[in-house]
Amino acid sequence: EYHDDCLRTPDPLKGRCREVVQVMRQVNREAQDIRVLGELALSSNDDDLLTEATDHLEALRDRLRQQVLDQMARDDQIAKRGE
């Protein structure tokens, strides 16, 4: 959804879209590290480690969601000022 909104963004605001994409990529890298930890937990039947990995992934998801929503709101406010 953010990608589609970004494509419709006026050219002067497109730089902000790129900033959000960079945040998304960073969170994805962190998530991939945690995924490896989760796979290790599964293979070793370590329920505590699996819970920790799952909790961390959920926190990353929530952080990403909030950052994207915040950026979309900022982009919307800037666009409204430009109208």
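Residues numbered from 1 in each chain as written. Predicted model: local features only at pLDDT ≥ 70, side-chain atom pairs only at ≥ 80, totals over all residues. Heavy atoms only, no water.

Novice: Any chance you could break down the overall build of the protein chain for me, citing the residues and the numbers?
Specialist: The number of helices and strands found in the protein chain is three helices and zero strands. Taken from N to C terminus, the helices and strands of the protein chain fall in the order α-α-α. Its C-alpha atoms give the protein chain a radius of gyration of 17 Å, clearly above 12 Å, the size a compact globule of 83 residues would have. If one aligns the C-alpha atoms of the protein chain with their principal axes, the spans along those axes are about 55 × 15 × 15 Å. Residues counted as buried form 22% of the 83 residues belonging to the protein chain. Relative to all contacts within the protein chain whose residues are 6 or more apart in sequence, the contacts with residues 24 or more apart total 62%. When the accessible surface of the protein chain is split by element, carbon and sulfur atoms take 51% of a total near 6200 Å². (Helix = DSSP H or I, 4+ residues; strand = E, 2+ residues; numbered from the N terminus. Rg over C-alpha atoms; globule rule 2.2 N^0.38 Å. Buried < 20%, exposed > 50% of the residue type's maximum accessible area, 1.4 Å probe, protein only. Contact = heavy atoms within 4.5 Å. Areas by Shrake-Rupley, 256 points an atom, 1.4 Å probe, with all protein chains shown as cover.)

Novice: Can you explain the pattern of salt bridges? Please cite residues and give values.
Specialist: As enumerated under the stated definition, the model contains five salt bridges in all. A salt bridge links arginine 65 to aspartate 62; the nearest nitrogen and oxygen atoms lie 3.8 Å apart. Remark: aspartate 62 and arginine 65 occur in helix H3 (residues 47–82); sequence separation between them is three residues, near one turn of the helix. Lysine 80 is paired through a salt bridge with aspartate 76; the nearest N and O atoms lie 3.2 Å apart. (Salt bridge = Lys/Arg side-chain N within 4 Å of Asp/Glu carboxyl O.)

Novice: How would you explain the confidence of the model for the protein chain if you had to name every residue and give the values?
Specialist: Mean pLDDT over the protein chain works out to 83, with 90% of the residues at or above the 70 mark. For the protein chain, helix H1 (residues 2–8) is the element with the lowest average pLDDT, namely 73, and H3 is the one with the highest, namely 86. (pLDDT = per-residue confidence, 0-100.)

Novice: Got a sec to walk through unusual backbone geometry? Specific residues and values, please.
Specialist: If you check the backbone angles, asparagine 45 has positive phi at about 55° while not being a glycine. Topologically, asparagine 45 is positioned in the loop between helix H2 (14–43) and H3.

Novice: Which residues make up the environment of serine 44, and what values go with them?
Specialist: Locating serine 44 in the fold gives a position in the loop between H2 and H3. Each C-alpha atom of the pair serine 44 and aspartate 70 lies 39 Å from the other, and the pair is 26 residues apart in sequence. Polar side-chain contacts of serine 44 include one of 2.9 Å to the backbone oxygen of leucine 40. (Polar contact = N/O pair within 3.5 Å; in protein donor to acceptor, adjacent residues only side chain to side chain.)

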